[in-house]
Amino acid sequence: ARREARRMLVGKRGARASCRQEDINALMVKLAGQGKHVVRLKSGDPMVFGRAGEEIAGLHRAGIPTEVVPGVTAALAMASRLGVSLTHRDIAHSVTFVTGHARDGRLPDLDWTALARWGATLVVYMGGRTAAALAARLMEEGLAPDLPATAVWALGRADERSALATLATLPDGIAEIGFDQP
């Protein structure tokens, strides 16, 4: 962006003070309505757990045209970074992306039986704070405690951390690397 461009931090910070989505939407509509070019920069792919749909809908209701420049979603970036295929033909025939928390911060209401099926890769976004409950629920549905699992913190940044674990030890790994970053 040019030097004179106004930059505003409006990112989400799980379970901490953050901008409300309604305020972000209203600010974009207000600034675009004033004839300003508004760029909403999001990490990863804005269409995967990024609330881009809400933002686009708000702009469209105000008659403001939008353009989305796709990014690489964190799941694919993580797989590449770790050198792990999400759909290795001998192991996983599908991949499922889910959110790790509901609006209230607790474990979301999901089809746990379907998520615990063998032959599939499960990718959980924003699941650090619910990892223990999530792992327990998946094991209740039959997934083995020694099933390989990993968590990545601050993916692609200089301070990136990862925890290679099992389903049973994943909460400990996450506690070790922390969950104050995406």
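**Details of the overall build of the chain**
For step 1, the next point in the chain: Along the backbone of the chain there are 6 helices and 4 strands.
For step 2, the next point in the chain: Listing the helices and strands of the chain from first to last along the sequence gives α-α-α-β-α-β-α-β-β-α.
For step 3, the next point in the chain: A separation of at least 24 residues holds for 56% of the contacts in the chain among residues at least 6 apart in sequence.
For step 4, the next point in the chain: For the chain, the exposed area adds up to about 12100 Å²; of that, 54% sits on carbon and sulfur atoms.
For step 5, the next point in the chain: Taken together, the 23 basic and 19 acidic charged side chains of the chain have centroids lying 11 Å from each other.

**Things to note about the nonpolar core**
For step 1, the next point in the chain: Among the nonpolar cores identified, the biggest contains 10 residues, and these are Ala131, Ala149, Ala151, Trp153, Ala154, Ala163, Ala165, Leu170, Ile174 and Ile177.
For step 2, the next point in the chain: In this structure Ile174 touches Gly128, Ala131, Ala151, Ala163 and Phe179, once residues within four positions along its chain are discounted.
For step 3, the next point in the chain: Ranked by size, the runner-up nonpolar core spans 9 residues in total, among them Trp112, Ala116, Ala135 and Leu138.

**Considering a nonpolar patch on the surface**
For step 1, the next point in the chain: The grouping of Phe49, Val72, Leu76, Val95, Phe97 and Met126 at the surface amounts to a nonpolar patch, some 500 Å² of accessible area in total.
For step 2, the next point in the chain: Mapped onto the elements, Val95 comes out in strand 1 (residues 94-99).
For step 3, the next point in the chain: Look at Val95 and you get partly exposed, because its relative accessible area is 33%.

**A few points about helix 3 (residues 74-82)**
For step 1, the next point in the chain: For helix 3, the full list of buried residues reads Ala75, Met78 and Ala79. Viewed along the axis of helix 3, the buried residues span an arc of 100 degrees, placing them on a single side of the element. Facing away from the buried side of helix 3 by more than 90 degrees, the exposed set consists of Ser80 and Arg81.
For step 2, the next point in the chain: The first or second residue beyond helix 3 is Gly83, which carries a positive phi of 70 degrees.

**Some points on the packing of helix 1 (residues 21-33) against helix 2 (residues 52-61)**
For step 1, the next point in the chain: Their axes nearest at 9 Å, the elements helix 1 and helix 2 cross at an angle of 40 degrees. Classified by the interaxial angle, the pair formed by helix 1 and helix 2 is oblique. Helix 1 and helix 2 meet at a crossing whose hand is right-handed. The segment helix 1 lies against helix 2, with Gln21, Ile24, Asn25, Met28 and Val29 engaging Glu54, Glu55, Gly58 and Leu59.

**As for the environment of Leu167**
For step 1, the next point in the chain: The topology assignment puts Leu167 in the loop between strand 4 (161-166) and helix 6 (170-177).
For step 2, the next point in the chain: Separated by 23 residues in sequence, Leu167 and Ala144 place their C-alpha atoms 7.4 Å apart.
For step 3, the next point in the chain: What Leu167 contacts, discounting residues up to four positions off in sequence, is Ala135, Leu138, Met139, Leu143, Ala144, Pro145, Leu147 and Ala149.

Criteria and thresholds
Residues numbered from 1 in each chain as written. Predicted model: local features only at pLDDT ≥ 70, side-chain atom pairs only at ≥ 80, totals over all residues. Heavy atoms only, no water. Helix = DSSP H or I, 4+ residues; strand = E, 2+ residues; numbered from the N terminus. Contact = heavy atoms within 4.5 Å. Areas by Shrake-Rupley, 256 points an atom, 1.4 Å probe, with all protein chains shown as cover. Lys, Arg positive; Asp, Glu negative; His and termini not counted. Charge placed at Lys NZ, Arg CZ, Asp CG, Glu CD. Core = buried A, V, L, I, M, F, W, Y, C linked by side-chain atoms within 4.5 Å. Buried < 20%, exposed > 50% of the residue type's maximum accessible area, 1.4 Å probe, protein only. Patch = residues over 30% accessible without salt bridge, like charges linked within 9 Å, V, L, I, M, F, W, Y side chains within 5 Å. Salt bridge = Lys/Arg side-chain N within 4 Å of Asp/Glu carboxyl O. Arc of directions from axis to C-beta. Axes fitted to C-alpha atoms, helices over the stretch in contact; angles between N-to-C directions. Parallel < 35°, antiparallel > 145°, perpendicular 65-115°, else oblique. Left-handed = near helix turned anticlockwise from the far one by under 90°.

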